[in-house]
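Report on the structure
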Amino acid sequence: MLTPVYDLSFPELSSLMAEFGQPKYRADQIWKDLYQQFWNSPDQFTNLPSSLRSLLAEKLQFQIIKPARVVNSSDGQTVKTLFQLLDGKSIEAVLMRYEKRNTLCISTQAGCAMGCVFCATGQMGFKRHLSSGEIVAQVMHYARQLHELGEVVTNVVVMGMGEPFHNYDNTLAAIDRLNDPDGYNLGARRFTISSVGLIPAIKRFASEKRQINLAISLHAADDALRTSMLPVNKRYPIDELLEACREYVDMTGRRITFEWALVNGVNDTPAQAHLLARKLKGLLCHVNAIPLNPTQGYSGQPTTRENANKFKEILNSHGIPCTIRLRRGIDIQAGCGQLASQV
Ligand code: SAH
Ligand code: SF4
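Residues numbered from 1 in each chain as written. Chains lettered and ligands numbered in written order. Predicted model: local features only at pLDDT ≥ 70, side-chain atom pairs only at ≥ 80, totals over all residues. Heavy atoms only, no water.

1. Comments concerning the overall build of the protein chain
Summing up its helical and strand segments, the protein chain has eleven helices and 14 strands in all. Rg of the C-alpha trace for the protein chain: 21 Å, near the compact-globule value of 20 Å for 343 residues, within the 12% margin. Residues classed as buried in the protein chain amount to 54% of the 343 residues present. Sequence-distant contacts in the protein chain: of pairs separated by 6 or more residues, those separated by 24 or more amount to 67%. On the protein chain, the mean spot of the 37 positive side-chain charges and the mean spot of the 32 negative ones are 3 Å from each other. (Helix = DSSP H or I, 4+ residues; strand = E, 2+ residues; numbered from the N terminus. Rg over C-alpha atoms; globule rule 2.2 N^0.38 Å. Buried < 20%, exposed > 50% of the residue type's maximum accessible area, 1.4 Å probe, protein only. Contact = heavy atoms within 4.5 Å. Lys, Arg positive; Asp, Glu negative; His and termini not counted. Charge placed at Lys NZ, Arg CZ, Asp CG, Glu CD.)

2. A word on the packing of aromatic side chains
This structure, assessed with the given rule, holds eleven aromatic pairs. Arranged with centres 5.5 Å apart and planes meeting at 70°, the rings of Trp39 and Phe45 form a pair that is edge-to-face. Residue classification places Phe45 among the buried positions, given a relative accessible area of 0%. Centroid distance Trp260 to Phe311: 5.3 Å. Interplanar angle 40°. Geometry classified as tilted. Taken together, the residues Trp260 in strand β12 (residues 256-262) and Phe311 in helix α11 (residues 305-317) connect sequence positions 51 residues apart. Per residue, the accessibility class of Trp260 equals that of Phe311, and both read buried. The structure contains a cluster of three or more aromatic residues connected by ring pairs, namely Tyr6, Phe10, Trp31 and Tyr35. (Phe/Tyr/Trp six-rings, centres within 6.5 Å; stacked < 30°, edge-to-face > 60°.)

3. Section: the pattern of salt bridges
Counted under the stated rule, the structure contains eleven salt bridges. One salt bridge in this structure joins Glu151 and Arg97, with 2.5 Å as the shortest N-O distance. With Glu151 in the loop between α5 (132-148) and β9 (155-158) and Arg97 in strand β5 (residues 90-98), the pair connects residues that are 54 residues apart, well separated along the chain. Its salt-bridge partner being Arg210, residue Asp176 comes within 2.9 Å of it at the nearest N-O pair. Here the residue Asp176 occupies a position in helix α6 (residues 168-179), and Arg210 occupies one in the loop between α7 (199-207) and β11 (213-217), the gap between them amounting to 34 residues. Residues joined in a network through salt bridges with shared partners are Asp169, Asp176, Arg204, Glu208 and Arg210. (Salt bridge = Lys/Arg side-chain N within 4 Å of Asp/Glu carboxyl O.)

4. Here's the deal with the sheet that holds strand β14 (residues 322-324)
Taken in spatial order, the ten strands make up an open sheet running β3-β4-β5-β6-β9-β10-β11-β12-β13-β14, and their pairing is mixed. A single partner strand is all that each edge strand has here, and the edge strands are β3 (65-72) and β14. When strand polarity is set aside, the average angle formed by the axes of neighbouring strands in this sheet is 20°. In the sheet, β3 pairs with strand β4 (residues 78-85) via seven bridges, with the strands oriented antiparallel. Counterpart to Pro67 in the pairing with β4 is Phe83. Each of β11 and β12 touches helix α9 (residues 238-252); the most contacted strand, β12, lies at about 145° to it. (Pairing = 2+ DSSP bridges. Axes fitted to C-alpha atoms, helices over the stretch in contact; angles between N-to-C directions.)

5. Description of the pairing of β12
Within β12, seven of the seven residues are buried, leaving the element largely enclosed by the surrounding structure. Neither face of β12 is exposed, since Ile256, Phe258, Trp260 and Leu262 on one face and Thr257, Glu259 and Ala261 on the opposite face are all buried. Sheet topology note: the β11/β12 ladder contains four bridges and is parallel. Bridged to Ser217 within β12 is Glu259. Pairing geometry for β12 and strand β13 (residues 285-291), over seven bridges, is parallel.

Structure (structure tokens):
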């Protein structure tokens, strides 16, 4: 078995070079080649002796995710890539270009075990965790393409397939690797992790006092409704979840984002908005609401513009900031898991 190169931390790459009997500076060179030159094939490493290039080719795997399908939105602003992993499983990652931003949405698992009823990834079930390298490779894929256009990735949202806090170690290892000032150097503040609300992981994340942004998928303001949409709510009910969110804000001083997919007549009602406002009172937060992206396995429909505006107004009247986001790239099924669920 070859070692996937993006799975290696810098210390691991260094000890590999020592094992190969290479001078210490080779690790620095290769690290910069990988993360600053975006090279991803041994023959590109022309700054290395050919014997070492052959050794890299023999021992390391460079292409660990293979683009299998690319879909561009009609406005050209959104690019979605379906990748095949070495074991044949599929994941997807999306590039959204908007004003001066190039935001990537990346996956942390093939499938997802959380079973949220409205989510295409949830509907396909859990396949496996991604390795840290498979997460890093998604970012490097787009970073390489943008580099060729003289552009850079500005933000990364961990909102693709999978529940990042269910794959905590690999997700955070991937972000740490991408943060490295001597490597890719994308700052922690440029990342947002979105979680369905796994309380022990939120506590751990808070205690680590990272600069990474946190978003929590709430979608409903009472336990009965939330459990019917997000089964994980049975285990981690809403009041306990919001208590953990308050602890997070107290410990880090950072604002938390709540996500809300507005489903017509289900969670876009004035009653839900008022209840939500009561529950979020005094919490440093922001509510990000988007109309539901319809999926095959769920009969719910997107909210109307009127209901969405009303929902926002109610929250605002209670002093809670709320943004209604447009569904971007809907024509390429940019919603979570919607491409991979077709293959
Ligand atoms: N597992 C994490 C991150 C991936 S999902 C989480 O659940 O937060 C990213 C976001 O997309 C979540 O807020 C999720 O609830 C939302 N989402 C999933 N399916 C959707 C759909 N069909 N329409 C709108 N939002 C959806
Ligand atoms: Fe998993 Fe997030 Fe989809 Fe829920 S919404 S099934 S947690 S990916």
